[in-house]
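What follows is each chain in one-letter form.
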Amino acid sequence: MEQLTPAKVTPADPPGGPAGEEEKRRALRKMKLVALSFLLGATIVFLLTSWAQSAGWPGWVGYVRAAAEAGMVGALADWFAVTALFRHPLGLKIPHTAIIPNKKDALGNSLGDFVGSNFLSEEVVRDKLKRVELARRLGGWLAEPENAERVTSELATMVRAAVRVLRDEDIQAIMEQAVARRIIDKPWGPPLGKILQGVFADGAHHKLVDLMCDRAYEWVRDNHTTMLRVVSDRAPSWSPKFVDEMLADKVYGEVLSFAWAVKTDVNHPMRLALDKFLGEFAQDLQTDPDVMARAEQVKGQIVHHEEVQRLIGSAWSTAKEMLLNAAEDPSSELRRRVRLGLVSLGTRLVSDDQLRAKADGWVEGAAAYLVKNYSREITTIITDTVERWDAEETSRKIELQVGRDLQFIRINGTVVGALAGLVIYAVAELLF
């Protein structure tokens with residue numbers, strides 16, 4: 001079977017696109033011509049001075065000839081060195097030439113190791129973050145209302161995007177499985193009894209009892225006719241009507257007096273009996289198996305009720321609509337609170353040394369954890385990317401980026417070589 005090889009990838013174009021690349025190419029050609037002109041100039045001077053020296057010109061011609069000769073050598077040596085970085089000089093496959101195309105992967109690995117050792121070490125990251133004082137800077141920036149509004153707007157955009165990406169049926173399924181089912185599967189009796197026991201012990205239920213007593217008294221007071229009809233309907237058929245009415249009035253008065261007494265007397269035996277009953281009921285919910293079983297039955301009836309199921313199914317749709325409306329409205333209570341919270345956080349980060357130190361510690365710890373455990377994966381981005389580049393195209397791209405500056409090496413080699421040759425020739429003439 002034919003073995004598959006990974007496709008080569010060319011490096012990204014430099015900033016500015018094709019137009020910027022063409023401009024750099026013209027600048028590189030221009031600098032190559034300048035460097036070549038120095039070499040040609042030194043060659044012409046060398047030839048002229050060689051002719052002049054053979055023709056018997058004065059001794060100073062030797063100095064110029066030596067300078068020109070050394071300049072030629074320096075220019076040629078530096079041309080070879082610069083060219084050997086990117087290709088084989090004159091097409092000759094001389095060892096240790098075309099370094100970048102041949103050593104591309106090794107250079108990528110070395111670059112990755114260099115970045116990992118010198119930039120992604122825990123000590124370097126911690127020291128840099130400590131000197132940056134990120135929490136103070138962030139706090140000062142967030143304390144400005146316009147910056148807090150900007151962050152709030154970006155957060156609202158992220159929330160809207162995330163909510164719209166989520167599928168309603170998936171979220172509803174998660175809510176039913178992860179939330180509703182967990183609530184349903186857990187027994188309600190003991191926790192409900194514990195809650196009620198605390199409520200009854202604190203007397204927080206007395207307000208509800210007062211309301212029920214008030215409504216009971218008002219109902220009795222406003223339903224005199226109903227009371228008379230009930231008594232008459234229950235009276236024997238042989239009983240005279242006026243006797244029924246007298247009895248009904250008597251019963252009504254007693255019931256009304258009883259309702260008034262319960263309403264006005266907080267220590268009424270009826271109230272005390274009710275408190276005792278509620279306390280025992282709360283205790284039975286936690287300890288009595290029969291009461292707990294009946295509570296589970298009631299729970300099942302409530303949970304499986306049609307309206308409750310419809311409420312669970314529509315909970316996400318309702319929450320989603322509320323969240324989207326709040327995120328889209330700049331004047332919504334949600335965005336206003338987020339904005340004020342960010343401003344408050346920024347102010348505290350500037351003024352509260354303890355909070356600022358804690359925030360800096362969190363950031364340093366998180367960054368140190370990342371570089372400690374994932375620095376290799378981060379540097380792999382460099383090495384893998386370089387490995388995927390085409391060697392020849394990579395060489396051309398790098399030369400396009402730095403070749404113009406490398407041409408100064410050739411120019412400097414010509415000038416420095418000429419000066420060195422002149423000094424060497426002068427010293428030799430003085431000594432010998």
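Chains are numbered independently. Their residues run from 1 in the order of the written sequence. Side-chain atom pairs in this predicted model are given and counted only at pLDDT of 80 or more, local residue features only at pLDDT of at least 70, and totals for whole chains, interfaces and linings cover all residues. Water and hydrogen atoms were dropped before computing side-chain values, which therefore reflect all heavy atoms in the structure.

In the nomenclature of an unreviewed UniProt entry, the protein is known as DUF445 domain-containing protein of Amycolatopsis nalaikhensis.

S.K.: What's the story with the overall build of the protein in this structure? I'm lost.
M.R.: The secondary structure content of the protein amounts to 18 helices and 0 strands. Here the term buried applies to any residue with accessible area under 20% of the maximum for its type, exposed to any over 50%, and partly exposed to those in between, with areas from a 1.4 Å probe on protein chains only. Put simply, the protein has 432 residues, and 28% of those count as buried. Contacts were defined at the residue level, with two residues in contact if any of their heavy atoms lie within 4.5 Å. Residue pairs in contact within the protein that sit at least 24 positions apart in sequence constitute 73% of those at least 6 positions apart. Accessible area of the protein: about 28,800 Å², with a carbon and sulfur share of 63%. Segments assigned H or I by DSSP are reported as helices when at least four residues long, segments assigned E as strands when at least two residues long, and all are numbered from the N terminus. Here the Shrake-Rupley method, with its probe set to 1.4 Å, supplies the accessible areas, and only the displayed protein chains count as covering residues.

S.K.: Help me understand the side chain of Glu-364, please; the structure alone is not making it clear to me.
M.R.: As for its placement among the helices and strands, Glu-364 is situated in helix H17 (residues 353–388). For Glu-364, a relative accessible area of 11% translates into the label buried. Among all residues touching Glu-364, those that are not within four sequence positions of it are Arg-126, Leu-129 and Lys-130.

S.K.: Whenever I open this one, the nonpolar core confuses me. Can you help?
M.R.: Nonpolar side chains in soluble globular proteins tend to end up buried together. Membership of the largest hydrophobic core is limited to 6 residues, which are Val-115, Leu-120, Val-125, Leu-129, Ala-367 and Val-371. Every residue in contact with Val-115, bar those within four places of it in the chain, is listed here: Leu-120 and Ile-382. The set of buried Ala, Val, Leu, Ile, Met, Phe, Trp, Tyr and Cys residues whose side-chain atoms join them within 4.5 Å is what this entry labels a nonpolar core.

S.K.: Mind showing me how you'd approach the packing of aromatic side chains here?
M.R.: Two descriptors summarise a pair of aromatic rings, namely the distance from one centre to the other and the angle between the planes of the rings. Aromatic rings from Phe, Tyr and Trp, taking only the six-membered ring of Trp, are treated as a pair when their centres fall within 6.5 Å; an angle between ring planes under 30 degrees marks them as stacked, one over 60 as edge-to-face, and anything in between as tilted. All chains considered together, the criterion is met by 5 aromatic pairs. For the ring pair Phe-277 and Phe-281, a centre distance of 6.3 Å and an interplane angle of 15 degrees mean the geometry is stacked. Note that Phe-277 and Phe-281 are positioned in helix H13 (residues 269–287) at a spacing of 4 residues, about one turn of the helix. We classify Phe-281 as partly exposed; its relative accessible area is 35%.

S.K.: Help me understand the packing of helix H5 (residues 122–132) against H17, please; the structure alone is not making it clear to me.
M.R.: A pair of packed helices is characterised by two quantities: the angle between their axes and the separation of those axes. The angle between two axes is taken between their N-to-C directions and runs from 0 to 180 degrees, where each axis is a line fitted to C-alpha atoms and a helix contributes only its stretch in contact. Across the interface, H5 lies against H17 with an axial gap of 9 Å and an inter-helix angle of 155 degrees. What the angle tells us is that H5 and H17 run roughly antiparallel. Seen from above, H5 lies across H17 with right-handed handedness. Touching Glu-122, Val-125, Arg-126, Leu-129 and Lys-130 of H5 are Val-363, Glu-364, Gly-365, Ala-367, Ala-368, Val-371 and Lys-372, all from H17. Our angle categories are set so that under 35 degrees counts as roughly parallel, over 145 as roughly antiparallel, 65 to 115 as roughly perpendicular, and the remainder as oblique. Whether a crossing is left-handed or right-handed is set by the direction in which the near helix is turned from the far one by less than a right angle, anticlockwise for left-handed and clockwise for right-handed.

S.K.: Sorry if this is basic, but what is going on with the UniProt feature "transmembrane region" (unreviewed entry) in the protein here?
M.R.: UniProt positions are given in the numbering used here, feature names are shortened, and annotations may be inferred rather than shown by experiment. In this structure's numbering, the residues bearing the UniProt feature "transmembrane region" (unreviewed entry) are residues 33–52, 64–86 and 408–428. For residues 64–86, the helix share is 100%, the strand share is 0%, and the end-to-end C-alpha distance is 34 Å. Within residues 408–428, the helical portion is 100% and the strand portion 0%, while the C-alpha atoms at the span's ends are 30 Å from each other.

S.K.: Any chance you could explain unusual backbone geometry here in plain terms?
M.R.: Peptide bonds are mostly trans, and most non-glycine residues show a negative phi. In this structure, Ala-98 is a non-glycine residue whose phi angle is positive, near 50 degrees. Relative to the elements of secondary structure, Ala-98 occurs in the loop between helix H2 (60–86) and helix H3 (99–102). A relative accessible area of 4% places Ala-98 in the buried class. With phi around 55 degrees, Glu-133 is a residue other than glycine that occupies positive phi space. Topologically, Glu-133 is positioned in the loop between H5 and helix H6 (134–142). Judged by relative accessible area, Glu-133 falls into the partly exposed class, the value being 37%.

S.K.: For this particular structure, what's the right way to read the environment of Leu-166?
M.R.: Within the element layout of this structure, Leu-166 appears in the loop between helix H7 (145–165) and helix H8 (168–185). Residue Leu-166 is classed as partly exposed on the basis of its relative accessible area of 38%. Among all residues touching Leu-166, those that are not within four sequence positions of it are Ile-171, Trp-316 and Lys-320.

S.K.: Got a minute to help me understand the side chain of Thr-414 in this structure?
M.R.: With respect to the helices and strands, Thr-414 occurs in helix H18 (residues 391–431). Judged by its relative accessible area of 5%, Thr-414 is buried. Pairs of N or O atoms within 3.5 Å make up the polar contacts considered here, provided that, within protein, one atom can donate a hydrogen while the other can accept it, and that residues adjacent in sequence are counted only when both atoms are side-chain atoms. From its side chain, Thr-414 meets the backbone oxygen of Arg-410 in a polar contact 2.9 Å long. When residues no more than four places from it in sequence are discounted, the contact partners of Thr-414 are Phe-38, Ala-42, Gly-71, Gly-74 and Ala-75.

S.K.: I would appreciate a short explanation of the pattern of salt bridges in the present structure.
M.R.: Oppositely charged side chains may form a pair once their charged atoms are brought near each other. Each reported salt bridge corresponds to a side-chain nitrogen of Lys or Arg within 4 Å of a carboxyl oxygen of Asp or Glu. For the structure shown, the criterion picks out 27 salt bridges. Taking the shortest distance from any N to any O, the salt bridge between Lys-250 and Glu-254 comes out at 3.5 Å. Here Lys-250 and its partner Glu-254 are both found in helix H12 (residues 241–264), 4 residues apart, which amounts to about one turn of the helix. Given a relative accessible area of 47%, Glu-254 falls into the partly exposed group. The structure contains a network of salt bridges with shared partners spanning Glu-21, Glu-22, Arg-25, Arg-26, Arg-29, Glu-393, Arg-396 and Lys-397.

S.K.: Any chance you could explain H17 here in plain terms?
M.R.: Think of an α-helix as turning once every 3.6 residues; residues three or four places apart then point the same way. Its 36 residues give H17 an end-to-end C-alpha distance of 48 Å, which sits within 8% of 52 Å, the value for a rise of 1.5 Å per residue. The term bend refers to the angle at a residue between two fitted axes, each drawn through seven residues, those ending there and those starting there. In the structure, H17 departs most strongly from a straight axis at Tyr-374, where the bend amounts to approximately 75 degrees. Along H17, the positions that sit buried rather than exposed are Leu-355, Arg-356, Ala-359, Asp-360, Glu-364, Ala-367, Ala-368, Val-371, Ser-375, Thr-379, Thr-383 and Val-386. Check the buried side of H17 and you find it contacts helix H4 (104–118), H5, H6 and helix H16 (333–351). Helix span, as expected, comes to 1.5 Å for every residue beyond the first.

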